[in-house]
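A closer look at the structure
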Amino acid sequence: MLDGLTLFIFVMIKSCIPVVLAQFLLQFQRPPTTEFLVGLSTSLDLGQLNRSTRSIAYNSTDNVLNAPPEANFDTFPTSTKTQWTSTVWNDVYCLAAGVVSFTFFACVISHHADLRLRMLGARLRIACCALIYRKTLRVSKKAAGQTSTGYLVNLLSNDVSRLDFVFQFMHYVWILPFQSVLISFLIWRQVGVASLVGVVGLLLKTIPVQTGLSRLSSMLRVKVAKRTDHRVGIMNELIQGIKLIKTYAWEIPFQAIVAEARRREVKQIRWASYIRGIYLSTMVFTERSTLFITIATCVYLGQPITADVVFSMAQFYNILQLTAAIFYPLALSLWAEASVSVTRIGDYLQFEEQDEVVPGLKHKEDAKDVEVAIHLDQLSATWQDEKAKTLQEVNFSVKPGQLCAIIGPVGSGKSSLLQLLLGEMPIHTGTATINGSLSYASQEPWLFTGSVRHNILFGQPYDRRRYQEVVRHCALLTDFEQLPNGDQTMVGERGAALSGGQKARISLARCVYREASIYLL
């Protein structure tokens, strides 16, 4: 609210500057003083003066003799002002100081308000990024499988960036009516009813058109976002499998796929650019056409047109069109795009999350001296609410210290059983009891950018004895001898510098190094 009030004060000050500037220029229309010519005719003949002096003398004398006695160059009646106000209002230096002061204060207020609104947009963008990151950590396995990487990348790069500038122009939507009323009153003092014709015409040329264009812009933004999600997803998969693509020389077919996705995206972006070009082009002719309509109305009504009136109206319309034809369209356009982005972010935040407490799963990490480590009783589970269950009435028990291997054909539910024990898979019927802490090594090894040792420790404190024992049992000693810097070798992004077997052994060592009572491999 404080930022909006600051912008409101800035707009009001800027709208009043032409009044002071017009009064300042009116002071130059006063006839020059002739005090220096007093007594000149008694001592010298005017014919003896040079041409410039004679011209000043003749014009000054003629202006003084022909000026009507009731002529008054003040813009306000002197009967309604004090002598001090009249002196200030008709003093050139005071008016010049007023123009400079108003311009300076308007500049300071504008920059401070712009800074605060930009900071507000940046904080909102950072908050949305944090929400997306936290949601990504809590999203369920089912929802994660339905979300592409390109969708997440587009949310964190393009969608949140739409929130940076929306607050910078948002307040001009409600400031515009107040500014229109003020400028209408200031122009009314000079031309009367013609001011309403000009101001209303300017608003009719901007508000309805820009409102309709903003709706089209929001619709195109939805289409562009979908095209961008598709294109970014293709690029992400292409980069992940770039080795395979280069091995089989599939560059040209994949290049055609990316080019087609980009062509569809650019097609929607082109239409959005056309709409943006339309409302940006209104900046050029809005002020001039409105000034022409106002002057034509004055001529039709028989009102005199002078330079000071036209100059003042041009300045007033220039200030009004800055809000009505530039800031107001930007506010609507950015608001429409931000609304689409917020909707997309909200849709992602509503994805199904992993339950902290899975119904039917009892996990006691600090259990000691128990007879059974894992026990499943008539357990049925499925990823979706379907009649065909992924796990159907499973019953088995594993004692502490016992090695249990689960074998079966492809798709029989081996990986699903591990996901159930980790709490990722919802239980439909039955119960599962786990007594002890868990450590898990995924089927597909995952490494982060860092050294081999950091990937094994994974945030755990370094225990030299246990570390060497784990490395020896996981057959990593030979790998350390082959690596240039041993376990201090950087693995690169996603372990790009390592082979598939080395990635699997490091992932296994990470699982074993963590002290747990149950290891799931």
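Residues numbered from 1 in each chain as written. Predicted model: local features only at pLDDT ≥ 70, side-chain atom pairs only at ≥ 80, totals over all residues. Heavy atoms only, no water.

**A look at a positive patch on the surface**
There is a patch of like positive charges on the surface, built from K223, K226, R227, K267 and R270. Counting residues per element, the ones that place at least two in the positive patch are α10 (194-240) and α12 (251-301). Broken down by element, the positive patch gets its largest block of residues, 3 residues, from α10. Here R270 lies in helix α12. (Patch = residues over 30% accessible without salt bridge, like charges linked within 9 Å, V, L, I, M, F, W, Y side chains within 5 Å. Areas by Shrake-Rupley, 256 points an atom, 1.4 Å probe, with all protein chains shown as cover. Salt bridge = Lys/Arg side-chain N within 4 Å of Asp/Glu carboxyl O. Lys, Arg positive; Asp, Glu negative; His and termini not counted. Charge placed at Lys NZ, Arg CZ, Asp CG, Glu CD. Helix = DSSP H or I, 4+ residues; strand = E, 2+ residues; numbered from the N terminus.)

**A few points about the pairing of strand β2 (residues 374-381)**
It is a general feature of regular strands that their side chains alternate between the two faces of the sheet. Inspection of the sheet shows β2 paired to strand β3 (residues 391-398) by 5 bridges, in the antiparallel sense. Looking at the pairing, I374 lines up with V398 of β3. With 6 bridges connecting them, β2 and strand β4 (residues 427-435) associate as antiparallel partners. Bridge pairing links A381 to I427 in β4. (Pairing = 2+ DSSP bridges.)

**A word on the pattern of salt bridges**
Here the idea is simple: oppositely charged side chains can pair when their charged atoms come close. Under the counting rule described, the total for this entry stands at 12 salt bridges. Among the ionic pairs, R344 bridges to D229, the shortest N-O distance being 3.0 Å. With R344 in helix α13 (residues 307-349) and D229 in helix α10, this residue pair connects regions lying 115 residues apart in the sequence. Comparing R344 with D229, the two get one shared label, buried. Between R505 and D479 there is a salt bridge, with the nearest N and O atoms lying 2.7 Å from each other. Taken together, the residues span a long stretch of sequence, with R505 in helix α18 (residues 500-513) and D479 in helix α17 (residues 477-482) at a distance of 26 residues. Note on R505: relative accessible area 28%, which makes it partly exposed. Assessed through its relative accessible area of 6%, D479 is described here as buried. Residues joined by salt bridges that share partners form a network here, namely D159, D229 and R344. (Buried < 20%, exposed > 50% of the residue type's maximum accessible area, 1.4 Å probe, protein only.)

The values are spatial; any link to function lies outside them.
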